[in-house]
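# Descriptive analysis of the structure
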Amino acid sequence: MGRISALARYMGMLVAVAGIFAGLLLAAPAVHATTAPPPASESPAPESSTEATAQDSGSAGEGEVTDGAEYQDRISGVLRNAGSPVSGVRIKASANGYEAETETAENGSWSIGVPEQGAYEVELDESSLPEGVALAEGQQNPRTVTFAGTSNITTLFLLGEGIVLQGDSFGTKLIERAVAGLSFGLLLALSAVGLSLIFGTTGLTNFAHGEMVTFGAVLAFGFASLGLPLWLALILAVVGGAGLGYVQDAGLWKPLRMRGTGLVPMMIVSIGLALALRYTILFFFGGATQQLPNSQSPMLELGPISISRNNLVSLAVSLVVILIVAALLLRTRIGKATRAVADNPPLAAASGIDVDRVIRIVWMAGGALAALGGILWAYYRPGVSFNMGQQILLLIFASVTLGGLGTVFGALIGSIIVGLFVEISTLWLEADLKYVGALLIMILVLLVRPQGILGRRERIG
Amino acid sequence: MDFGNILLGAVNEFFTPTTAAYALAALGLAVHFGYTGLLNFGQAGFMAIGAYGFAIPTLSFNAPLPVALLIAMLASVAFAVILGLPTLRLRADYLAIVTIAAAEIVRYIVTTNGLTEVTGSANGLAAFEGGFYSLNPFAPGVYNLGPFSLNERDLWIRVVAWTVVALACVVIWLLVRSPWGRVVKGIREDENAVRSLGKNVYAYKMQALIIGGMLGSLAGIIFTLPRGAVQPANYGTELTFFLYTALLLGGMSTVLGPVIGAMIFWAVLSLTQGLLYGAIESGAITFLNTTQAGQLRYILVGVALMLLMIFRPQGVLGNKKELSFA
Amino acid sequence: MSHQAQSPQPGRRPGAHAAEPAPETAVESVPSSHEESWAANKYMTDDRPIAADTAAPGCRKRDPILIASNVTRTYGGINAVDVEHVEIPRNKITALIGPNGAGKTTLFNLLTGFDTPQSGEWRFEDRDLAGVSAYKVARLGMVRTFQLTKVMGKLTVLENMRLGANEQPGEALRRALFRPLWKKRENEITEQADALLAKFKLDTKRSDYAASLSGGQRKLLEMARALMVNPKLVMLDEPMAGVNPALTQSLLDHIKNLKAEGMTVLFVEHDMHMVRHIADWVIVMAEGKVVAEGPPGEVMKDQAVIDAYLGAHHDVDLGDSEGFEKLEAVLEKDPESDIQGGESLAPVIIEERKDTA
């Protein structure tokens, strides 16, 4: 009783303080207009900037028209008329004195690099459209495209007569977002289950898990660009992810466990590892965003909703893999051993389970799952980049924390909640705030149910 | 390759305002983590709160410097309280995840286009440092300090930044050797034991979180003043991790450790950059370009963080016996 | 916070040894002389009956310091603690015994505010403690120690002791910066700490980090530190666990001393011989309930105790695999998880589980 009233009091205070803070932010009148933002090419603190990623962005050639190919952040789309691509159409993007132009390619795709994320005016030059082809009714042109938090934003100009935006009704939009969220949530779950297994068996909160996600996507891209067939490249990438898990455990984590290193120092070691891996990947892979084969996929119409083929495949693959992992955990000897170790390592060791072997296998499985998650994430975003794992690391953490640290099925449920929340919140929230909602939910859940949704109240053991 | 210049560049890093900001923010982390055992992974968020809390009032309603400073500090306290309320009763790793998430939330919010009017979104804010430099007592001109020549603005910000660092060190030093410091160190070791002795652990943790957070926010202001701009991209999670590296370099349960750690951090970064670029320009290294050399340095930061944590967690100054964990 | 009538630092008793070599190895020869000095002590010689009526589970006491009624705590459907009524007699040494999983530590946690019961009422010196947080309970004069000794390893022994002291103005943030405001109290605290350290024969370790102490010395330090709070009721959770046999006699004497100084002692213990030796009153718990209580001699004969306590213990043999399964089963429902991480809600840290298993 005492606890509840205390909680209510703190909640009240929290709301009050948050209100003051929000008021402070919002009450401030417009100032931005008077202060011309510095051009991105001369971002402050060139020598001491903490953003190593901001390395020489190159100056946008003054006067001459560029397509901004040198930039990582891109606005792109595909131009189709009645299902067939339209090429040679000029599209222009501009903001803050930056201007870039491109023409649609043979397959109708176009992409304009921009120096930084933000709001851009995108205009399709209607005079360059082929004879008899016009923008569909209600298509804004020029239009403002806004992005942040992702390196790529897609905007589609619909052509032809009588084409209206599909799924205008709120219900349809909701279902579409929900399906996309489910797909996103399940790919998050792949990584989250691995993270949760590792936490459960070793107690480590692994900040390098994001890099394990990146590693899978980068490997897949590497193998595919060697000319291997896509299916082989993907399988090799997943195997490589397991290898990274093996090497990490054998070379780093097992020796640290043997030394009796505490959990907090191990957490900080994992941060060091994350930095080292991230910049190593940047070193070899470069800062650009690359696409895996078949990253552009057609939209499929399933009843009232449309979903891209890749999303649908991703959804199916993650669902199947998670079911397999669940079956392995519940049915097989090693699965039971894993749960026993997660439950109580000394007891498991005493009952004859080789704890180190179990942990090694968990690391390999975690690595493989993260790699697969990375590949699917690369298709979902779409694109492979050196910091793609870092972008979803916190969402993975949020999933695991929501479900309850150390519980595998909690991680699954947490992931789905996060995925749904991220996608559905875009119906109301600005797209560049969609991750905020998920992180806030995590904090709020911790407030009322610190053990997470499925976490047991008292103890793991 | 001009070794003299490279060395001089590294020495110069000892005294830059950026190093001072890192020292101050790392000192805040020392209060959090080194002394109280709070695993705050959101120090970048506190720095952002400080920077924006200072810049927004200045630009929005022409707040004079002291008012802007006060608002920034109040915002920092509010942020600490919001963070602390749900998490200070929870385990250390929960605090870590919540603080890092909160710092990212701050960054997303100041980046969102919906608030461009106030925060300048991804471009950030600029031209709010006038009030600070108008207080500059140094006459315009070039000041030669040993091998370094500074203009009056550089000199002023350096003097102020390092004075703040020195004052903060004195205050923290007084605090940690007081009975208050004894209680928080006890909490670091075992909070239930401290609770069983009749101390309000929660209140102490909150106080420590607020103090360290305010140091972080002050650091955020000092970080932005010489640049005259604040941009959200500078306040990502990596900033926090760099601060931890600096903290661990110097010694996390010491007062001077974070300061020395920040100096070493920036000097070594400058030194390796100078040497690598020099080697590339002179053709001694051909398998790297300068971009990759820049990335190589951050690989080294990560490796250094791991090695420090594993082999010398007490840092260069720390006393091995007084580590928060063995 | 009120000062206590009884000084925690008693005057020097005749025969009390001033300095002895390292306690861990020393064979104590104190008891006889203690018995002598205790002979004159009113708390030691008080042999009025403890119970108000006949000794039975939940019986009333003549002069209770702590009263708990209908205190229940369940974990996942298992009743960890379900105490109908229990009273702890003032100025006596009360032992709380029972098999593993009987709910002894959980009861400790509930009474001291480290855990919250689902229901019940419990009063310390007629003050309702429901919803009172752990640190306030300690300030009221009810101080506990832990089954897994909690010393601040990276603080010196003296700093550990000072930490226990109350009314240090320098512990408030606004005064901490100004040494003159707390220097005087600090000197008093140091004096008090040094006296206690001398009594517990830890004075030679004064400036050492507590991490360097042996297990037994840590137990002593934890007890001494608890005394810095000037408690009225000292609650010791397994004070003998992990202590070198050479030190147990000395620990027992220290516990008796607490009583001689007018404090009330409640302790959890497994070793029945120790209990018989020092306890004035024994409370037996099994499966969360109080199943028997009374003076040690009588309780030991009680069939309920033999069934519940000895029976449960004797069939667990750690030497074979069957024993492990039983232990596992016991652990499974053992809610005595050491309270950890500051809140009973979050799961146990793995490291700590290693300690308990």
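As the structure is a prediction and not an experimental result, all values here were calculated from the model. (Residues numbered from 1 in each chain as written. Chains lettered and ligands numbered in written order. Predicted model: local features only at pLDDT ≥ 70, side-chain atom pairs only at ≥ 80, totals over all residues.)

With that settled, consider the overall build of chain B. Across its full length, chain B carries 14 helices and four strands. Its C-alpha atoms give chain B a radius of gyration of 20 Å, near enough to 20 Å, the size a compact globule of 326 residues would have. Every one of the 326 residues in chain B was classed for burial, and the buried ones make up 63%. Taking the intrachain contacts of chain B between residues at least 6 apart in sequence as the baseline, contacts between residues at least 24 apart amount to 75%. (Helix = DSSP H or I, 4+ residues; strand = E, 2+ residues; numbered from the N terminus. Rg over C-alpha atoms; globule rule 2.2 N^0.38 Å. Buried ≥ 20, exposed ≤ 12 C-beta atoms within 10 Å, placed from the backbone. Contact = placed C-beta atoms within 7 Å.)

Taken together, the contact pairs 31 residues of chain B with 35 residues of chain C. For the side of chain B that touches chain C, the elements supplying multiple residues, two or more each, are helix H8 (152–176), helix H9 (179–189), helix H10 (191–196) and helix H11 (201–224) of chain B. Residues belonging to the side of chain B that touches chain C are distributed by class as follows: 12 nonpolar, eight polar and 11 charged. (Nonpolar A, V, L, I, M, F, W, Y, C, P; charged D, E, K, R; others polar.)

Before going further, it helps to examine unusual backbone geometry. With an omega of -5 degrees, the peptide bond between Arg381(A) and Pro382(A) qualifies as cis. Here Pro382(A) lies in the loop between helix H9 (355–380) and helix H10 (388–403). A positive phi angle is found at Glu125(C), which is not glycine, with a value near 50 degrees. Within the secondary structure layout, Glu125(C) lies in the loop between strand E4 (119–124) and strand E5 (127–128). If you check the backbone angles, Lys201(C) has positive phi at about 60 degrees while not being a glycine. Residue classification places Lys201(C) among the buried residues on the basis of 24 C-beta atoms within 10 Å.

On to the sheet that holds strand E3 (residues 93–97) of chain C. Residues and elements named next belong to chain C. The mixed open sheet is built from six strands, whose spatial order is E6-E7-E8-E3-E9-E10. Of all strands in the sheet, those bounded by a partner on one side alone are strand E6 (142–144) and strand E10 (289–294). Between one strand axis and the next, the sheet turns through 20 degrees on average, direction left out of account. When E6 meets strand E7 (residues 233–237), the two strands line up parallel, connected through three bridges. (Pairing = 2+ DSSP bridges. Axes fitted to C-alpha atoms, helices over the stretch in contact; angles between N-to-C directions.)

All names here are of chain B. Where strand E2 (residues 142–145) and strand E3 (residues 148–151) come together, four bridges link them in antiparallel fashion. By the bridge assignment for E3, tyrosine 143 is matched with leucine 150. Connecting the antiparallel pair E2 and E3 is a turn made up of two residues, with glycine 146 showing a positive phi of about 60 degrees.

Val193(A), Leu24(B), Ala26(B) and Ala101(B) are the most contacted members of the largest nonpolar core, which totals 303 residues. Element by element, the count of residues in this core is highest for H9(A), at 18 residues. Residue assignment places this core across two domains, with domain 1 (34–151 + 230–299) and domain 2 (153–212) of chain C each supplying three or more. Once you skip the residues sitting within four places of it in the chain, Ala26(B) turns out to touch Leu243(B), Ala246(B), Leu247(B), Pro258(B), Gly261(B) and Ala262(B). By size, the runner-up hydrophobic cluster in this structure holds 18 residues, among which are Tyr71(A), Leu79(A), Ile91(A) and Ile112(A). (Core = buried A, V, L, I, M, F, W, Y, C linked by C-beta atoms within 7 Å. Domains from an automatic or database assignment.)

What follows concerns the sheet that holds E4(C). All names here are of chain C. Read from one edge of the open sheet, four strands run E2-E1-E4-E5, paired in antiparallel fashion. The sheet is open, and its two edges are formed by strand E2 (78–89) and E5, each paired on a single side. Looking at chain direction, E4 and E5 are connected through two bridges and run antiparallel. What sits directly across from arginine 123, in E5, is aspartate 128.

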